[in-house]
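A structural walkthrough
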Amino acid sequence: MATNGDIDAIRAQLAGRNGDGLWKSLEELSQSPQFPAFLERDLPRLAPLWRAPVNRRDALRLIGASLALSGLAGCGRPPPERILPYVEQPERVVPGKPLFYATSLTHAGYARGALVETHMGRPTKVEGNPAHPASLGATDIFMQAAVLDLYDPDRSPAVRRHGSISTWTVFLAEVADLRARLRRVDGAGLRILTGAHSSPTLAAQLGALSAQFPEARRHVHEPGARDAPRRGARSVFGQAFDTIYRLDRARVIVSLDGDFLAGMPGCLAYARQFADLRRAARIADAGRMSRLYAAEATPTLTGAMADRRIGLPARSIGALAHALAAELGIASPAAAGTLPEAARSWLRDAARDLLANAGAAAVIPGDQQPPAVHALVQRINERLGNTGRAVLHIDTVAAPADRAGTLAELVEDMAAGQVTALVVLDCNPAYTSPLAPELARLLDRLPFSAHFGLYVDETARHCAWHVPARHELESWSDARAYDGTASLVQPLITPLYAGVDRLGFVAALAGELETGAHDILQRYWRTRRGAGGFERWWRSSLERGVIEGSAFAIRSPALRGAVEELPPSPESSAGYELQVRLDPGVWDGRYANNAWLQELPKPLTKLTWDNAAMLAPADAAALGVARGDLLLLKIGDTAVEAPAWPLPGQPRGSIAVHLGYGRTQAGGIGSGRGFDAYPLLAPDGGVPWLREGITVQATGRRMPLATTQHHHDMEGRDLVRRMTLEAFRRDPRQLEQDATAQPPAESLYPPYDYSDNRAWAMVIDLNACIGCSACVVACQAENSSPVVGKHEVLRGHEMHWLRVDRYYEGTADEPRTLFQPVPCMHCEKAPCEYVCPVGATVHDSEGLNVMVYNRCIGTRDCSQNCPYKVRRFNWLDYTYDQERRGTLAALRNPDVSVRSRGVMEKCTYCVQRISAARIDAKKEGRPIGDGEVVTACQGACPTRAIVFGDRNDPGSGVARARANPLNYTLLAELNTRPRTTYLARVRNPGSDAGGASPADGDDGATGDGDADE
């Protein structure tokens, strides 16, 4: 048997395997003894089936027992509920008819436009605002999960003083005394610490507060702050700028550890722009697509979508950037350092394509790279003529004020006794910093300290005062998008707790007690807009969700000075390098108490409810560890225990860990999950995200990790079709010529005639799907799918109706990553329907495979007979258990029935949305229009990878997609005839596969940003 690190043996096994060479995990790839060990560890109930075959007597006994127990489960009754009628009907509220309001939701200080669906005054679902430049009608997982944060019963309900319940009035009295003392010394000793924000009104308030107390100082602390890009811009332009991109103008993109599809401000817009030049429709019509080169220090979604990917340690990215500059004639070759041959081949091809597409390309560095790399990339883009076209400069959006200091400076001043009063606003520095222990100790000694936030978190515990914040869906405010576009934040529900608006809290610090947040917001914009016609403008801005003309102007700064020589990367160092990254689910820990995000499988690892230390498979083999083995990571006097996760594509000698876990005061969901990686961060200054000389050793202990990567497997099947662009050009119809893509014509069951009715269908473009999982959370929010917890995920009982499978192809060192969303296929010859003993799963007249929950007795025969494994069984009363926690009952979508224990659940193509559209069309005497029904997953998708509609309408988008030569059916050989089909993944690797440059005859990416749809 091959070990994880035996790459040659793995290649030999792949060459001899049946099927298409796809694999989900290192255990599956190597066929090592660890694979049955995985079953023993994570799916103990299935382990006996793996160890020994089941004879006929045992099989009948197990089936009989399961039928009996499932029947009892199906007889469970839902919990009793009370309903009350309206005494007086509110204006504009029609029972059963949702209302949508435009607002903005911020993430790491930047705004994304949202349209929030409300039922009877309850926000239940977030959609993207098509008019907002940062969302373009799409959402990400954080926007979708915002409604769960709103109803979180662990939110702070009251003002607290030294841990005891107090009142806002008492707090204001103490603030008045504090202000009187501070006026006598011009504010000396007062410090205000905030997270990153882009609110123009808040910035004006903080400026006015500084004018009142000129000796006071402000500090900014944001774990994901974009300091390095701005410092790099300042070194080459003499002024800090934000760099934004127009990727629909770029035929060639080179990413230097820059995860622009998931980790940067504007990632939703970037994902849409990137996909517009790579859609299957464009490939089929024009035979062209853009090309993406990615060099990355740990696998990301951007690297997964790359046509050419290379994995390098983070310390080598700078050398690669300098070598690229040398290839382009910008820097001296001597400064490039030593790179492996694979990286040099990648480098030569990337430089050639950049030169061939000068002015229609973009080089994107990662935010975690040092300022010198950003400065060099600015010069590369300027030399190539990309600046002003695909690469743009604007004034900083979420930047601190000129006088703002760092958290390290604040801690130093506190230790020196220079701080007498500290106000902490929208951040949690007693957790999100390696300086947290020292800060907590100093906070306990301050005469006055106040914390403002949603939760009584780690920082609030050490502050004298805690004031609960209102959620953004309860507040009045404003914020700017990544391009500077301003938008208004408006409340959609009466505050659930005794919280305070952020603007009102800062106004109270300034002594303005009588003015509410709404009036403060209006006053600010009235001074900017003018009094004439203000009310009409205000109403229009609220309805549209965007303040017209507020985007920042594009700047054209001039370069100054010579190219700075980057220090060469070390050939080797004692120990490993450690990369610290923000978690794709809980971010810096602010979303740790959101159960949807905790249970959402992470895009690349499929890990839930935990973080881990990701290391190369060869390094794991050298250390003698497997997934879940505890490692001791040590640097200096700091030591952290973390479970190992061998990750394909992770560079050797490099370990990556995610922040956001190890919380102690997150709430009932987030506390005690995973390990705290903040102590491993470097102190402020230098490169905080990278540490050298980490020592790693196995502890001999293990911890269970809940992962879904082996749940619902369809092994040995041809699942993800893929080809190169050159292969498609040679034979565009090769999928149609594949015998397995054509379902057999013979069938014992006569076909149903849908010609006189609608035939709903879905097509998923694998060229556009980036694996972000926004569709998964959107489905959960729309259909009120329950959270089951880590223990149940370990048993394979997760309840997501939609999953995104991740497959690898190639070697463990340099794999190619593929994503495939898998909802219910809605088969016309559905295997689940034939085996249901009570007719609970049936076909309707429009081709939907629907569930009659009241009939289901929980036999689970349908799940056993489903080849796509898309059915979920409600083993426990998950919903009732969660809704005992108070406000969570208000989260449910009233258009969807709540399933009690003992029934089968699955994707319904959002039948409630189809019904609503059918009713509206019938009332207006017209047919349902194409695009009128948008499923939850389709509406959330940032790249528009999902198309839904009536396939009987030849002009519909779904009919055109099904006619694409890249269209194929999943497991077509089974003759289930699914209504959901896929468009095959196409790569454009270039010279390594004989492909032409994307510039060859390509007129799709133009300077004005127009792109073929």
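Residues numbered from 1 in each chain as written. Predicted model: local features only at pLDDT ≥ 70, side-chain atom pairs only at ≥ 80, totals over all residues. Heavy atoms only, no water.

1. Some words on the overall build of the protein chain
Along the protein chain, the regular secondary structure elements total 34 helices and 38 strands. Sorting the 1013 residues of the protein chain into buried and exposed places 60% on the buried side. Relative to all contacts within the protein chain whose residues are 6 or more apart in sequence, the contacts with residues 24 or more apart total 75%. Within the structure as shown, the protein chain displays about 38,300 Å² of accessible surface, and the carbon and sulfur contribution to it stands at 52%. (Helix = DSSP H or I, 4+ residues; strand = E, 2+ residues; numbered from the N terminus. Buried < 20%, exposed > 50% of the residue type's maximum accessible area, 1.4 Å probe, protein only. Contact = heavy atoms within 4.5 Å. Areas by Shrake-Rupley, 256 points an atom, 1.4 Å probe, with all protein chains shown as cover.)

2. Focus: the sheet that holds strand β9 (residues 252–256)
Strand order across the open sheet formed by four strands is β11-β10-β9-β12, with parallel pairing between neighbours. At either end of the open sheet lies a strand with only one pairing partner, and these are β11 (308–311) and β12 (361–365). Averaged over all neighbouring strand pairs, the angle between strand axes comes to 5°, with direction disregarded. Pairing of β9 with strand β10 (residues 291–296) involves five bridges; the strand directions are parallel. The partner of I253 across the bridge, within β10, is L292. On top of the sheet, helix α14 (residues 314–327) reaches β9, β10 and β12; it is set at about 145° to β9, its chief contact. (Pairing = 2+ DSSP bridges. Axes fitted to C-alpha atoms, helices over the stretch in contact; angles between N-to-C directions.)

3. Comments concerning helix α9 (residues 200–212)
If you check α9, its first and last C-alpha atoms are 19 Å apart, about what 13 residues at 1.5 Å a residue would give, namely 18 Å. Turning to α9, its buried residues are P200, T201, L202, Q205, L206, L209 and S210. (Expected span 1.5 Å × (residues − 1).)

4. Digging into the packing of aromatic side chains
Tallying each qualifying case throughout the model produces 21 aromatic pairs. When the ring of W525 is compared with that of W537, the centres are 6.2 Å apart and the planes differ by 40°; the resulting orientation is tilted. Taken together, the residues span a long stretch of sequence, with W525 in helix α21 (residues 517–529) and W537 in helix α22 (residues 534–544) at a distance of twelve residues. Residue W525 is classed as buried on the basis of its relative accessible area of 7%. (Phe/Tyr/Trp six-rings, centres within 6.5 Å; stacked < 30°, edge-to-face > 60°.)

5. Some details on the nonpolar core
One finds W596, L633, I655, V657 and L966 to be the most contacted residues of the largest nonpolar core, which totals 137 residues. The contacts of I655, once residues within four sequence positions are left out, are Y576, E577, L578, Q579, A613, M614, L615, L633, Q650 and V696. Core analysis: the next-biggest nonpolar cluster, separate from the first, contains 42 residues, A421, A450, L488 and F534 among them. (Core = buried A, V, L, I, M, F, W, Y, C linked by side-chain atoms within 4.5 Å.)

6. Observations regarding the pattern of salt bridges
Under the counting rule described, the total for this entry stands at 55 salt bridges. Residue R913 pairs with E782 through a salt bridge whose shortest N-O separation is 2.8 Å. Of this pair, R913 sits in helix α32 (residues 911–923) while E782 sits in helix α27 (residues 774–783), and the two are 131 residues apart along the sequence. On the basis of relative accessible area, R913 is assigned to the buried category, the value being 18%. A salt bridge links D920 to K923; the shortest N-O distance between them is 4.0 Å. (Salt bridge = Lys/Arg side-chain N within 4 Å of Asp/Glu carboxyl O.)

7. Comments concerning the sheet that holds strand β19 (residues 576–581)
On the basis of which strands lie adjacent, the closed barrel formed by six strands has the order β19-β24-β21-β23-β22-β25 and mixed pairing. Each strand of the sheet is rotated relative to its neighbour by a mean of 45°, with strand direction disregarded. Here strand β22 (residues 629–635) pairs with strand β25 (residues 690–702) via five bridges, running antiparallel. Residue pairing across strands places L631 opposite A698, the latter belonging to β25.

8. Some points on the side chain of S475
Residue placement: S475 occurs in the loop between β16 (465–468) and β17 (477–480). In this structure S475 comes out as buried when scored by relative accessible area, which is 6%. When near neighbours in sequence (up to four residues on either side) are disregarded, S475 contacts R470, V489, Q490, P491 and D501.

9. Describing the side chain of T124
Structurally, T124 can be placed in strand β3 (residues 122–128). The exposure class of T124 is buried, given its relative accessible area of 2%. Look past the residues within four positions of T124 in its chain and what remains in contact with it is E117, H119, V147, A781, A890, L891 and R892.

10. Regarding the packing of α14 against helix α15 (residues 341–356)
Angle between the axes and distance between the axes: these two values describe a pair of packed helices. The interhelical angle for the contact between α14 and α15, taken along N-to-C directions, is 45°, at an axis separation of 10 Å. Taken together, the axes of α14 and α15 are oblique relative to one another. The two elements α14 and α15 cross, and the hand of that crossing is right-handed. For the pair α14 and α15, contact is made by L320, A323, L324 and E327 and by A343, W346, L347, R348, A351 and L354, respectively. (Parallel < 35°, antiparallel > 145°, perpendicular 65-115°, else oblique. Left-handed = near helix turned anticlockwise from the far one by under 90°.)

11. A word on the environment of A639
Within the fold, A639 resides in strand β23 (residues 638–646). Taking relative accessible area as the criterion, A639 reaches 45% and is therefore assigned partly exposed.

12. Overview of helix α18 (residues 436–443)
Taken residue by residue, α18 has A436, L439, A440, L442 and L443 as its buried positions. Along the axis of α18, the buried positions cluster into a sector of 165°, meaning they face one direction only. Lining the buried residues of α18 we find α17 (407–415), β14 (421–425), β15 (448–453) and α19 (458–461). (Arc of directions from axis to C-beta.)

13. Some thoughts on the pairing of strand β37 (residues 980–983)
In summary, the side chains of a regular strand alternate between the two faces of the sheet. Side-chain alternation along β37 places T980 and Y982 on one buried face and T981 and L983 on a second face that is also buried. Here strand β28 (residues 760–765) runs beside β37; their pairing, made up of four bridges, is parallel. Considered in β37, the bridge of M762 is made with T980. Where strand β36 (residues 967–968) lies against β37, two bridges are found, and the strand directions are antiparallel. Note on β37: the bridge partner recorded for N967 is L983.

14. Description of the packing of α9 against α21
Between α9 and α21, the shortest axis-to-axis distance is 10 Å and the interhelical angle comes to 90°. By the criterion of interaxial angle, the relationship of α9 to α21 is roughly perpendicular. Residues P200, T201, A204 and Q205 of α9 form the contact with α21, whose participating residues are I520, L521, Y524 and W525. The residue makeup of the contact of α9 with α21, split by class, is six nonpolar, two polar and no charged. (Nonpolar A, V, L, I, M, F, W, Y, C, P; charged D, E, K, R; others polar.)

15. Topic: the confidence of the model for the protein chain
On average, the protein chain scores 85 in pLDDT, and the residues at 70 or more come to 84%. pLDDT under 50 marks residues 10–19. Its contacts with residues more than four places away, or in other chains, come to 17 contacts. Ignoring residues within four places in sequence, the model shows residues 66–86, a span with pLDDT below 50, making 18 contacts including any to other chains. (pLDDT = per-residue confidence, 0-100.)

16. Here we look at the pairing of β3
The element β3 is largely enclosed, with a buried count of six among its seven residues. Here strand β2 (residues 110–119) pairs with β3 via six bridges, running antiparallel. Bridge pairing in β3 links A114 to G128. Between β2 and β3, which follow one another and run antiparallel, lie two residues, and M120 among them has a positive phi close to 55°.

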